[in-house]
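So the chains spell out like this:
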Amino acid sequence: MRRLVMALLDGDQAEAVGAALALRAAGIDNGRIIADGIEAAMGHLNAKCTLQQFNLLEIMLCGRAVTAVMKALFPAEAPLVPTQGTVVLAALEGDVHDLGKNIVRMILTVEGYRVVDCGKDCLLDHVIETVGREDAIMVGISGLISTVVPQVRRVRGMLDTAGLSAVQVMTGGAALKQVSAASLNVDFVAQTAFDGLHYLRAAAPGVGR
Ligand code: B12
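Definitions and cut-offs
- Residues numbered from 1 in each chain as written.
- Predicted model: local features only at pLDDT ≥ 70, side-chain atom pairs only at ≥ 80, totals over all residues.
- Heavy atoms only, no water.
- Helix = DSSP H or I, 4+ residues; strand = E, 2+ residues; numbered from the N terminus.
- Expected span 1.5 Å × (residues − 1).
- Buried < 20%, exposed > 50% of the residue type's maximum accessible area, 1.4 Å probe, protein only.
- Domains from an automatic or database assignment.
- Contact = heavy atoms within 4.5 Å.
- Buried area = accessible area lost by both parts, 1.4 Å probe.
- Salt bridge = Lys/Arg side-chain N within 4 Å of Asp/Glu carboxyl O.
- Pairing = 2+ DSSP bridges.
- Axes fitted to C-alpha atoms, helices over the stretch in contact; angles between N-to-C directions.
- Core = buried A, V, L, I, M, F, W, Y, C linked by side-chain atoms within 4.5 Å.
- Donors = N, O, S within 2.8 Å, 3.2 Å for Na, K, Ca; no water.
- Lys, Arg positive; Asp, Glu negative; His and termini not counted.
- Polar contact = N/O pair within 3.5 Å; in protein donor to acceptor, adjacent residues only side chain to side chain.

Further remarks concern helix α4 (residues 56-73). Between its first and last C-alpha atoms α4 spans 26 Å; for 18 residues at 1.5 Å apiece the expected length is 26 Å, and the two agree. Three or more residues of α4 are buried, namely Cys62, Gly63, Ala65, Val66, Ala68, Val69, Met70 and Leu73.

Given below as structure tokens:
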């Protein structure tokens, strides 16, 4: 695992992919590779950000290596089981962080959910419109910067106004996982992508839309 963390921090895509695949071959599951490898590496970067040693190139290279590792871990990004329902994902206006959201997309897709990804820096109106059009059972908001919190608090009301009260709202990402679901006015705050998957499974078991 240390080899993977070091390769990610070095932004060395090939080495990171090799390390991740070696872990898989040794029987380590994707969940542990994401938590102890990818998230651990980003934790080190976060410490640097806080120490004001912020180096954009370093973070971009690390992000590129994370994406390569995820593609290696989930090559087809195709469901392994019949569709369980549609989930709309987005990072809201002003937030360009998308590595975590992309991990959630890959995991939910492989686990049988049809995911409509609205991308990053996305207008809230577009998210709500997409939820209605795609007949989604849940909307997932990824939020890494605190400035998106007021937008997140508006999601429930906008869904209700659009006649989409049955749609659940879950959130995740560094800025949102420190805030309670009640305070964000959402149904669930996930600490990790797998946490979100477990909530989704429990909230909408075998919806099959
Ligand atoms: C990588 C990074 C960047 C990259 C993003 C690359 C990309 N394509 O995403 C770049 C360099 C572009 C960037 C830019 C900036 N960043 Co930045 N960035 C980070 C960093 C170091 C890591 C984020 C990350 O990718 N983590 C790894 C992923 C895998 O983890 P994750 O997102 O948490 O996702 C996991 C779970 O949370 C969960 N999850 C995530 N979303 C969701 C959603 C749902 C529905 C579910 C179920 C689960 C779930 O699943 C994932 C897997 O388990 C963080 C530090 C941190 N603590 O997060 C700062 C951080 C988020 N950035 C920060 C800042 C300030 C910025 C900038 C404003 C910097 C600047 N001064 O210019 C800019 C612009 C931001 C903007 N407008 O959006 C701050 C935010 C502070 C705050 N609270 O507001 C942080 C916290 C750093 C810090 N300590 O200051 N950043």
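Quick look at the domain arrangement of the protein chain now. When the domains of the protein chain are assigned, the result is domain 1 (2-73) and domain 2 (86-203). If you average the C-alpha positions of domain 1 and of domain 2, the two centres end up 24 Å apart. Each partner contributes residues to the interface: domain 1 has 10 residues there, and domain 2 has 6 residues. Buried surface at the junction of domain 1 and domain 2, summed over both partners, amounts to about 620 Å²; 86% is from carbon and sulfur atoms. A per-residue breakdown of the area domain 1 buries against domain 2 is headed by Ile34, Glu39 and Met70, which together make up 55% of the total. Where domain 1 packs against domain 2, one counts 0 salt bridges.

Glancing now at the sheet that holds strand β5 (residues 188-189). Read from one edge of the open sheet, 5 strands run β2-β1-β3-β4-β5, paired in parallel fashion. At either end of the open sheet lies a strand with only one pairing partner, and these are β2 (114-117) and β5. Note: strand β3 (residues 138-142) against strand β4 (residues 168-172), 5 bridges, orientation parallel. In the strand pairing of β4, Ile141 is matched with Thr171. Packed onto the sheet, helix α6 (residues 124-133) meets β1 (86-90), β2 and β3 and runs at close to 170° relative to β1.

Moving on, we get to the nonpolar core. Residues Leu4, Leu8, Val69 and Met70 are the most contacted members of the largest nonpolar core, which totals 44 residues. Lining this core are residues from two domains, each supplying at least three of them: domain 1 (2-73) and domain 2 (86-203). In this structure, Met70 is in contact with Ile34, Ile38, Ile103 and Met106, ignoring residues within four places of it in sequence. Core analysis: the next-biggest nonpolar cluster, separate from the first, contains 26 residues, Ala90, Ile141, Met158 and Leu176 among them.

Within the fold, Asn30 resides in helix α3 (residues 30-50). Asn30 gets classed as buried once you look at its relative accessible area, which sits at 13%. Once you skip the residues sitting within four places of it in the chain, Asn30 turns out to touch Arg24, Leu73, Phe74 and Phe194.

Our next topic: the coordination of the cobalt atom of the ligand. If you check the protein contacts of the cobalt atom of the ligand, you find one donor only, His97 (NE2), at 2.3 Å. Among the structural elements, His97 can be located in the loop between β1 and α5 (99-110).

Relative to the assigned elements, Asp95 resides in the loop between β1 and α5. Although buried, Asp95 forms no salt bridge, and the nearest oppositely charged side chain, Lys120, lies 9.2 Å from it. Of note is the side chain of Asp95, whose polar atom sits 2.9 Å from the side chain of His97. Apart from the residues within four sequence positions on either side, Asp95 is in contact with Lys120, Asp121, Ser142, Gly143, Leu144, Ile145 and Val148.

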